[in-house]
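Below are the chains, spelled out letter by letter.
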Amino acid sequence: MEGRSEPPGAHPAPRGGRARVLPLLAALLVIAPGLYWVAVATWAASLSPLGRDQGIFQYFAWALREGDVLYRDIRDVNGPLTTLVHLVFQALGGEDERRFRVLDLAVTGGVFALAGACLPGLGAPAGARPGARLLAERAAWAAAAWVVGGAQYLSHLYWDIAQRETFAGWFLLSSIAAQVLGSSPAVSRRGALDGRARRLAAALTALAGALAAVTWFGKPTFVLFTPAQVLALLLDDEHPLGWRGRLGAYAGGALAGASVLLALLVGVGDLASFVRIAIVEAPVLYRYIWAQSLPELFAPGYARLDTALGLAGCAVAVALVATRRAPRRLLAIGLLPLGAIANLVVQRKGFAYHHQPIGAAARLVWLALLVLAAERAWSAGAARSAWSAWSAWSAWSALSALSVRPSLALVRAAPLALGAALGLFAALQARTSPHAAMASALSSIAATPEGRATEAYFELYPESHYRPWDMRLAARYVAGHTSPDARVQVYGMDPYFLFLARRLSATPYVYAYDLNVSAALLGGSGARPDGPARQRILDMQRRHERDLLARMRERPPGAFVFIEHAPMTSFWDDGPRDFEASCPEAAAWVWAHYREAVRFGVVRVFLPRAAGEGITAPQGSRDGAAARTPR
């Protein structure tokens, strides 16, 4: 066995198998203040509609079910994990927006609870038996993690939950939980159980590696969490396996996890197209779009607060491990904020949901520190009268028992103070969350499916650049004026329209920024293309236009739909003009073969012209090149 992080007997083992008062009280102080408001915010969030990004992947999943191939028939820069999650959710009824939200909130909350349930034992002495962590303690810390994690998650707008970071975070936090549990003293290393414990530790470590590898296929930048996990694993001197064994188990699990995701990718997508888009084209085009500088990334108040909390928790955890006051397995959690910050910096976008991993990591670190403090304070010599008071359900007597030994009173009070602080902070976040603020309005408008299908419902979630009600009206029109097997071309940023209309895309180009590269050419304060880079971007755009035109000529769309007010376009209120400015040859063909049939707010629907019908350029086009009548 390798060396311990602290001398044997530094902390006496907890007595018997009884639940410990102080850790339970600390968990209760975290849970109680915010429980109601987290529940209210969760209920309100379950009634919220899908935003743009969720709608994008709803279409991708549905299109795969209809026979399209990801990355070949649908051009996307994201990994397959998010689409696979949507596929599973749709199989469980998640085509309905309410069901989708319920599934997301259930899984996300369950993952928070799982992470919390694996925390007990961080402050236990080495070699403590499993009975020291009773089900009651794990349940209490699971509830505490759900409250704290849920309050942080629901502080984000409906737009920013059920995002790619959310889904990758499921597997990341589960990986951390498996890693911590695999090294827990609960995995006994004594006597006849030694062999079984080693096998269990190896299985949990391999599971940690497999789950970590899955995250790479959600957001490739999640690979930045892996070095910290591996470092914590190598430094862990209480793990039942030697360093070669634990590293081998983790690497084997990662290989297995990556292999499964690759197999799924091949099953639903085109691997060669994925590699080309992710490795060759993404660095050319996508990395410049809205790139932000470091000060901008951390400018929002919540970003600064979560980053400060995360770094402070990381520093405390590292200091405790370095001074041998905490087990080294704490580093698996303590280093999480560093990976989350690196994940944000490398992406350079700074959207609110990009900060989710930082907020989740910060709260998990502080929960782990609270568990450590509460268990160490209790094992330092809690009086028997505290147990008697707990048995009598007398919180006051339990607290007064802390004064039995005045020298320990402050030590035992500190975890209670920290638990109360975390609980009050979570309560404030949940109480002021945008979802809790919507609860009253939703109870009268969105309580029934019929209410959630009205314009008044969508007006509760106003966005200048996203008009779900307009899209629904136009989708019904397109569904009624095209054949079921017709394909539809959308120009904008909302392929969700295709899902609503139940029509597949005519070409792989479902995002305007693949055809209008102005956002990439402009760049941002975090990155701007130089001369050669600009030329590569323009060359890519021309290839995309030629491919778009060739595909439309070969298989003309049943409709061509412009969704205006789209981000990353040049002409906010004029989709046809924007398309013509970026793709003049393709636009000339469209004007020659389609006419504007109807407009629903920001959505303009063009249908094929009848034989011999006169052709005119749509109102607002830059010139009259297409305004002619065929001979």
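Residue positions are given per chain, counting from 1 as you read along its sequence in written order. Only residues with pLDDT of 70 or above have their local features reported here, since the model is predicted, and side-chain atom pairs are shown and tallied only from 80 upward, although totals for entire chains, interfaces and linings are computed over all residues. For the side-chain quantities, the full set of heavy atoms in the structure was used; hydrogens and water were omitted.

(A) The overall build of the protein chain, seen in detail. Here a strand is any run of E in DSSP of at least two residues, a helix any run of H or I of at least four, and the numbering for each starts at the N terminus. Within the protein chain one finds 26 helices and five strands. Here the protein chain, with 631 residues, has 58% of them falling under the buried criterion. Methods summary: accessible areas were calculated by the Shrake-Rupley approach with a probe of 1.4 Å, and residue burial reflects only the protein chains presented. Total accessible area on the protein chain is roughly 24400 Å²; 64% of this is exposed by carbon and sulfur atoms. Buried residues are those whose accessible area, probed at 1.4 Å on protein chains only, stays under 20% of the maximum for their type, while exposed residues exceed 50% and partly exposed ones sit between those limits.

(B) Quick look at the pattern of salt bridges. Salt bridge, as applied in this entry: a Lys or Arg side-chain nitrogen positioned within 4 Å of an Asp or Glu carboxyl oxygen. In this structure the tally under the stated criterion is 20 salt bridges. Here aspartate 68 ties to arginine 487 by a salt bridge, and the two come within 2.9 Å at their closest N and O atoms. Remark: arginine 487 occurs in strand 1 (residues 487-491) and aspartate 68 occurs in the loop between helix 2 (52-65) and helix 3 (81-91); sequence separation between them is 419 residues. Taken as a pair, aspartate 68 and arginine 487 share a single burial class, namely buried. The closest approach of N and O atoms between glutamate 564 and arginine 599, which form a salt bridge, is 2.6 Å. With glutamate 564 in the loop between strand 3 (559-563) and helix 25 (575-582) and arginine 599 in strand 4 (residues 594-600), this pair connects stretches of sequence that are 35 residues apart. Residue class for glutamate 564 comes out buried when judged on its relative accessible area of 4%. Accessibility expressed as a relative area gives 42% for arginine 599, which makes it partly exposed.

(C) Region of the structure containing a nonpolar patch on the surface. Taken together, the side chains of Leu262, Val266, Leu271, Val275, Ile279 and Val280 define a hydrophobic patch exposed on the protein surface, amounting to about 500 Å² of accessible area. Of all the elements in the fold, those that place two or more residues in the nonpolar patch are helix 9 (243-268) and helix 10 (271-281). Considering every element that reaches the nonpolar patch, the biggest residue donor is helix 10, with four residues. Note that valine 280 resides in helix 10. Patch rule: a residue counts if its relative accessible area is over 30% and it has no salt bridge; like charges are joined within 9 Å, and nonpolar side chains (Val, Leu, Ile, Met, Phe, Trp, Tyr) within 5 Å.

(D) A look at the environment of valine 260. When you line up the elements, valine 260 lands in helix 9. Taking the relative accessible area as the measure of exposure, valine 260 reaches 49% and is therefore partly exposed. Measuring from C-alpha to C-alpha, the distance between valine 260 and alanine 210 comes to 9.2 Å, with 50 residues separating the pair along the chain.

(E) Broad picture of the confidence of the model for the protein chain. pLDDT expresses how confident the predictor is about each individual residue, on a scale running from 0 to 100. In this model, the protein chain carries an average pLDDT of 88, and 86% of its residues clear a pLDDT of 70 or more. When the criterion is pLDDT under 50, residues 1-18 qualifies, and its contacts beyond four places in sequence or with other chains add up to 45 contacts. Whether two residues touch is decided by their heavy atoms; if any such pair falls within 4.5 Å, the residues are in contact. Across residues 188-193, where pLDDT falls below 50, the model places 12 contacts with residues more than four positions away in sequence or in other chains.

(F) Highlighting the pairing of strand 3. Burial within strand 3 is extensive, with five of its five residues counted as buried. Across the two faces of strand 3 the burial is the same, with Ala559, Val561 and Ile563 and Phe560 and Phe562 all buried. Following DSSP output, two strands are said to pair if at least two bridges run between them. Of the pairings in the sheet, the one linking strand 3 to strand 5 (residues 603-608) comprises four bridges and is antiparallel in character. Residue pairing in the sheet places phenylalanine 562 in a bridge with arginine 604 of strand 5.

(G) Molecular detail of the environment of alanine 361. Following the sequence through the fold, alanine 361 ends up in helix 15 (residues 356-379). Take alanine 361: its relative accessible area is 3%, and that puts it in the buried class. It is 8.4 Å that separates the C-alpha atoms of alanine 361 and glycine 334, two residues lying 27 residues apart in sequence. Excluding anything up to four places from it in sequence, alanine 361 contacts Leu336, Pro337 and Ala340.

(H) Spatial organisation of the nonpolar core. Residues Tyr59, Phe497 and Phe579 are the most contacted members of the largest nonpolar core, which totals 169 residues. Element by element, the count of residues in this core is highest for helix 15, at 12 residues. Filtering out sequence-adjacent residues up to four positions away, tyrosine 59 remains in contact with Asp68, Ile74, Pro495, Tyr496, Leu498, Phe499, Arg503, Leu504, Ser505 and Val510. To qualify as a nonpolar core, a set must consist of buried Ala, Val, Leu, Ile, Met, Phe, Trp, Tyr and Cys residues joined through side-chain atoms within 4.5 Å.

(I) Region of interest: the packing of helix 1 (residues 21-46) against helix 5 (residues 135-153). For helices, the fitted line uses only the C-alpha atoms of the stretch in contact; every axis is such a line through C-alpha atoms, and the angle between N-to-C directions lies from 0 to 180 degrees. Running from amino to carboxyl end, helix 1 crosses helix 5 at an angle of 45°, the nearest separation of the two axes being 8 Å. By the angle between their axes, helix 1 is oblique relative to helix 5. Two packed elements cross with a definite hand, and for helix 1 against helix 5 that hand is left-handed. Between helix 1 and helix 5, the residues in contact are Pro23, Leu24, Ala26, Ala27, Val30, Ile31, Gly34, Leu35, Val38, Ala39 and Thr42 and Ala136, Glu137, Ala140, Trp141, Ala143, Ala144, Trp146, Val147, Val148 and Ala151, respectively. Each residue receives one of three labels: charged for Asp, Glu, Lys and Arg, nonpolar for Ala, Val, Leu, Ile, Met, Phe, Trp, Tyr, Cys and Pro, and polar for the others, Gly being one of them. Residue composition of the contact of helix 1 with helix 5, grouped by class: 18 nonpolar, two polar and one charged. Should an angle lie under 35 degrees it is considered roughly parallel, over 145 roughly antiparallel, and from 65 to 115 roughly perpendicular; all remaining angles are considered oblique. A crossing counts as left-handed when the near helix is turned anticlockwise from the far one by less than a right angle, and as right-handed when that turn is clockwise.

(J) Local environment of the packing of aromatic side chains. Here a Phe, Tyr or Trp ring, Trp counted by its six-membered ring, pairs with any other such ring whose centre lies within 6.5 Å, and the pair is stacked when the planes are under 30 degrees apart, edge-to-face when over 60, and tilted otherwise. Throughout the structure, instances matching the rule amount to 33 aromatic pairs. Relative to tyrosine 461, the ring of tyrosine 457 has its centre 5.9 Å away and its plane inclined at 70°; by these criteria the two rings are edge-to-face. Assessed through its relative accessible area of 2%, tyrosine 457 is described here as buried. Taken together, the ring pairs in this structure connect Phe57, Tyr59, Phe60, Trp62, Tyr286, Tyr511 and Tyr513 into an aromatic cluster. Lysine and arginine charges are scored as sitting over a ring when NZ or CZ, respectively, is within 6 Å of the ring centre and within 35 degrees of the ring normal. Arginine 431 extends its terminal NZ or CZ atom over the ring of tryptophan 37, reaching a point 4.4 Å from the ring centre. Between arginine 502 and the ring centre of phenylalanine 499, over which it is positioned, the NZ or CZ distance is 4.5 Å.

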